[in-house]
Every structure is written in structure tokens, then in C-alpha cells.
Amino acid sequence: MIEGLLLIGVLVAMFVGYNIGGSTTGPAFGPAVGAGTISKTVAAALMSLFFFLGAWTIGRRVVDTLGRELVTNPGVFTLPASITVLFFIGLALFVGNVFGVPASTSMTAVGAIAGLGLASNSLNWAVMGEIVTWWLVAPVVGFWVSAVIGRYFYAALNKRVALVQSDGPLVTVDRSGTLPKIALGPGTTRREMVGTTVVVAIGCIMAFSSGTSNVANAIAPLVGSGALEMNPGIILACVAVALGAFTIARRTLDTLGSDITSLPLTAAIVVATVSSLLVIGLSAIKIPASFVVIATMSIIGLGWGRATRTMRASRESISDQASDARVTVGSLAADTEGEELPDIGEEDPEDIPAAADLFNPSTTARVILMQNVVPLISTIGAYLVFRFLPVFGFS
Amino acid sequence: MVSRVLVPMDDSEMADAALEFALSAFPSAAVTVLHVAGGPTSYMGEAMSLAVADDVDAAVADRAEPVFERARAIADDADREITTEIELGSPAKTIINHAEGFDLVVIGSHSSNLASRLLLGNVAETVARNAPVPVTIVR
């Protein structure tokens, strides 16, 4: 009976890991694969390796927080309770992948465990408060850092990063001597080499950061219940992540249609770097971090910072610029020659939104709110399930 | 007499249906297709991609082109000519502001994906409630 339950628990944990591998490989290595720098197989291999490194070194701290510290009495993690928590985490991943509603796995995991803690009266409020505080602070930091980059450094960065792919292999290996010599391939410029290396390196950092924060989501409940030791648990999760990276990730890498995998290259590099470093930092201080929210705030910061830079001018000239913009856009888009364009003078220039208006606070609030829907459902759902289903013995 | 019709279009099939309806129901009206770019998306990636571009206008025009291509194909089938316009911003608000100067707005009932419905609510409904001119919702 217990063996059967444990087997189910391990399978559900692996299902969670499998989905994490599938959904993280795209954002991490999408740019590199899209530019033809590495193959999908190499992307999957790098994903698996760096996820493991992140999980093994730093990820275990977050497993500790989720599995042992968030609830005052780890005894509440019975096997059925752990499986139920994992079920909610799996559900969040499922909703995110199928319906395109992004949901942070870490927030969902914390929510489900908090629901369990509330129902069994064993939630550690101090730990919970600390986690939630960081959930508020980290995205704000991500926003400001990205906004500064967008406003002052983006143009310069963009010039450096231009990824021009030359024909032929990137590097050639000369095996005629005793030691194989690696040289730049025909037509490979120095800049291309640097750009290529940076794009792949940033994918690796993202995979590493995913390992630090996400390994806990797959195995913390089982480790907390004592059914699984830490090290075998981490290896188990990494195997599942690798499975996902080598199988379903091929599909997500193909579509590349998702909002976060189709960013301009330079922007993707900035967002990935800022968000990953924040996530790694939080994991290092044992906080389960939400990549989804941090990345979104970084995206908004970058866009807003850049948009305010281009609009740095007097009110008058902004209006002029905006009316000019209408002429350009209108003339580019005009369908038939000789057709009359709308009278520019009749438009109130104040009505024409500048790019910075795309990131107004109410839009931002709505986006962040939507990202919190699934974690909220998991918190309330877990509480109701654990509180009122007699199976768990907390009612 | 309806002589100027505004058809706001996104990338959904409902938008196609709205344009087809507008063209067939008002054979003598001037039909303008409006695309609103840069609205909120699940990670705000679309708005950001436009905002960081060196030439924002060109980026916006690029973004709208696939929608307008579809619109022109539909218009060609109906042997009609259409005008196309682009705006930047939040869809419902932008469409409502733009509706002034038209006799009628013809709009598809809803967009196809759940994320955008969660984010934007139902744009057609918001437009119908707040537009200064009559609104026809096509489904």
C-alpha cells in the first residue's frame, strides 16, 4: 500500500519535472536555437546539465524551505497530502502550457503548501511572510534595473549584439597537429562569435536559475514527508526535467509563438540575465522565486525605460512627433493609392498614445493579477481540499 | 444611412467574420479596418518588442501587416477596397476613441485565446457599451 502510494508520488513528481523541462527549455534556449547557433538536441543537453548544476548546488536550499520550514510540523506531509500538493503544482503547469496563461510554479507550490499548512494549523507565518515580502521586492528590483538598462544602455547593447550568421561552420577544428586547433570558421566574425557565445551562455544561466528554484517544486513535498531523501530526489527531478527537455520541449521550441520566446534578441538577453540573476539570488537565500512575475516586470521595465528615452522632449515636440508618427504609419498602411488619409489636423494629439503609455500602471496591474490567478486558485483549492476532505485527517 | 464603417481587427477568425459581414451588409459604405497593436499580453512581450525598436512606427506597421494582408484578401474576394489604420494602445479604449467619425463599428465577438480574454475582458462588449456610435457584434 505504502509502496504503491510512494510510486504514485514519485510519478507525479516526475510529471511536474517533465513539464518544467518542457516549458523552460523554450524561453532559455529559444533565441540560440532560433538563430541556428545550436541544435535542439544540444539545447536539451545544456538544459539538463545546467538545471542539474543549479538544483544540486543551490536548489536544495529551496527544497528545505518548502519541504521543512514552511510548515511547522513536517508530519502534515503525509504521502496522500504530498501527492495532492504535487497535483496542484502539476495543474498550474498544465494551465500555463495549454491555455497560455502564465503561472509561476513556485508561487503555486508555496500556495498549495500554505493551503495545507492553514488547513492543518501548522503554517509557519514568519517564513510565509518573508517569502511574500521577497515576491514583492524582487519584481520591483527587476523593473528598475531593466528600466535603467532600457533607458541608458539599450541602444549601445543592441549595436553589439547584432547576430549576423555567416555561412559555414562557426568554428573549424584542425586535427593535423598533436593538439586539435580550434579556429574561427570561414566568414565568422569576432562579433558573431561573441554574440553566439553570449546567447548560449545566457540560456545556460537561465537553465541554472530554473534548477535553483524549480527543483523544489517537483520534490519538496516528498522530501518533506520523509518518503524521499534529498539527493536521490534531486537526481530524480533532474532526470524528469531532462526527459521533458529532450521530448516536449522540441515542440515548444518549434512554435516559438509564445510571448516570451519571441522577444527581440537584445531584449531577451537583458530580461533573461536580470531575471535569472534575481532568481538565483533569491534561491541562494532560500526563497522560492517566481521567474514569471520577475521576468514580466523586467520586460515592462525595459520597454518603459526605452520608450521614455525616445520621448525625452518637450510636450510640444512629443505632440509633433506623434502626429508625424501617424502620417508615417498611415501612409505605410494605406491600402489603395489616392485614398484619402484621415485628416491629421482633426486628431487631438493628446489622444495619441506614446509607446510609454503601453506600460501604464493599470495594464501592468492587470497582467500581474492574471499571473496570480493560478497560484491563488491553488492556495484556496488546497486549503479547501485539506480542510474538508476527511481522507487527510485535518478536518 | 451608414456610409463609414469601422472594423477593428485582431488576429482572430471572429475578426475575419466581422469584416466579411461589414462588406456584404453595407455594399456602398467606406470600410476602414483598424488594428490596435501593443496591447497587454501575458508577459507584455508584444508591447515591449514595439517599444524597444529603433523605429517604433516601422515595428508597429510590421506587426499590423499580417492582419491587413488577411483583410485585403477578404476585401479582394468581395471586390471591394478598404482603408487600413493602425493605432497603439489598449484595444477597447483605443477602438472607442477611434469610433468617432464613423457611423458604425462592426466587431468580432471575442478573441480566440483564453489569456487575452482574461487580460482584456471582452473587448467587443466594452466597445458596445461605451462607443459613441452604434456597434454591431458579429459571431
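Residues numbered from 1 in each chain as written. Chains lettered and ligands numbered in written order. Predicted model: local features only at pLDDT ≥ 70, side-chain atom pairs only at ≥ 80, totals over all residues.

Here we take up the overall build of chain B. Within chain B, the secondary structure is distributed over six helices and five strands. Walking chain B from its N terminus toward its C terminus, one meets helices and strands in the order β-α-β-α-α-β-α-β-α-α-β. Taking 139 residues into account, the globule formula puts the C-alpha radius of gyration at 14 Å, and chain B, at 14 Å, falls close to it. With the C-alpha coordinates of chain B rotated into their principal frame, the extents come out at 40 × 30 × 25 Å. (Helix = DSSP H or I, 4+ residues; strand = E, 2+ residues; numbered from the N terminus. Rg over C-alpha atoms; globule rule 2.2 N^0.38 Å.)

Another aspect to go through is the sheet that holds strand β1 (residues 4-8) of chain B. All names here are of chain B. Strand order in the open sheet formed by five strands is β3-β2-β1-β4-β5, and the pairing between neighbours is parallel. Every interior strand has two partners, whereas the edge strands, β3 (82-88) and β5 (135-138), have only one. Sheet twist, expressed as the mean angle between neighbouring strand axes with direction ignored, is 25 degrees. As judged from the two bridges shared by β1 and strand β4 (residues 104-108), these two strands associate in the parallel manner. (Pairing = 2+ DSSP bridges. Axes fitted to C-alpha atoms, helices over the stretch in contact; angles between N-to-C directions.)

What follows is about helix α6 (residues 123-130) of chain B. All names here are of chain B. By the burial criterion, the buried members of α6 are V123, A124 and V127. Burial along α6 is one-sided: seen end-on, the buried residues are contained in an arc of 100 degrees. In the core, the buried residues of α6 are packed alongside α4 (91-99), β4, α5 (114-120) and β5. (Buried ≥ 20, exposed ≤ 12 C-beta atoms within 10 Å, placed from the backbone. Arc of directions from axis to C-beta. Contact = placed C-beta atoms within 7 Å.)

Before going further, it helps to examine the pairing of β3(B). Residue and element names in this part refer to chain B. β3 sits mainly inside the fold: seven of its seven residues count as buried. What you see with β3 is no split at all: I82, T84, I86 and L88 on one side and T83, E85 and E87 on the other are buried throughout. Pairing of strand β2 (residues 30-37) with β3, which is carried by seven bridges, proceeds in the parallel orientation. If you follow H35 over to β3, its bridge partner there is I86.

What follows is about the interface of chain B and chain A. Counting residues at the interface gives 36 residues for chain B and 40 residues for chain A. Where the side of chain B that touches chain A is concerned, the elements lending two or more residues are α2 (45-51), α3 (56-77), β3 and α5 of chain B. For the side of chain B that touches chain A, the class distribution of residues is 20 nonpolar, 11 polar and five charged. (Nonpolar A, V, L, I, M, F, W, Y, C, P; charged D, E, K, R; others polar.)

Turning our eyes to something else, we now look at the UniProt feature "transmembrane region" (unreviewed entry) in chain A. All names here are of chain A. In the UniProt entry, the feature "transmembrane region" (unreviewed entry) is given for residues 75-99, 132-154, 193-210, 230-249, 261-281, 287-305 and 373-394. Within the segment residues 75-99, helix and strand shares are 84% and 0% respectively, and the terminal C-alpha atoms sit 35 Å apart. The span residues 193-210 shows a helical share of 100% and a strand share of 0%, and its end C-alpha atoms are spaced 26 Å apart. (UniProt positions renumbered as here; feature names shortened; annotations may be inferred.)

Here the focus is the packing of α4(B) against α6(B). Residues and elements named next belong to chain B. The N-to-C vectors of α4 and α6 enclose an angle of 35 degrees; their axes lie 9 Å apart at closest approach. Between α4 and α6 lies a crossing of right-handed hand. For the pair α4 and α6, contact is made by P91, A92, I95 and I96 and by V123, T126, V127 and N130, respectively. When grouped by side-chain class, the residues that make up the contact of α4 with α6 number six nonpolar, two polar and no charged. (Left-handed = near helix turned anticlockwise from the far one by under 90°.)

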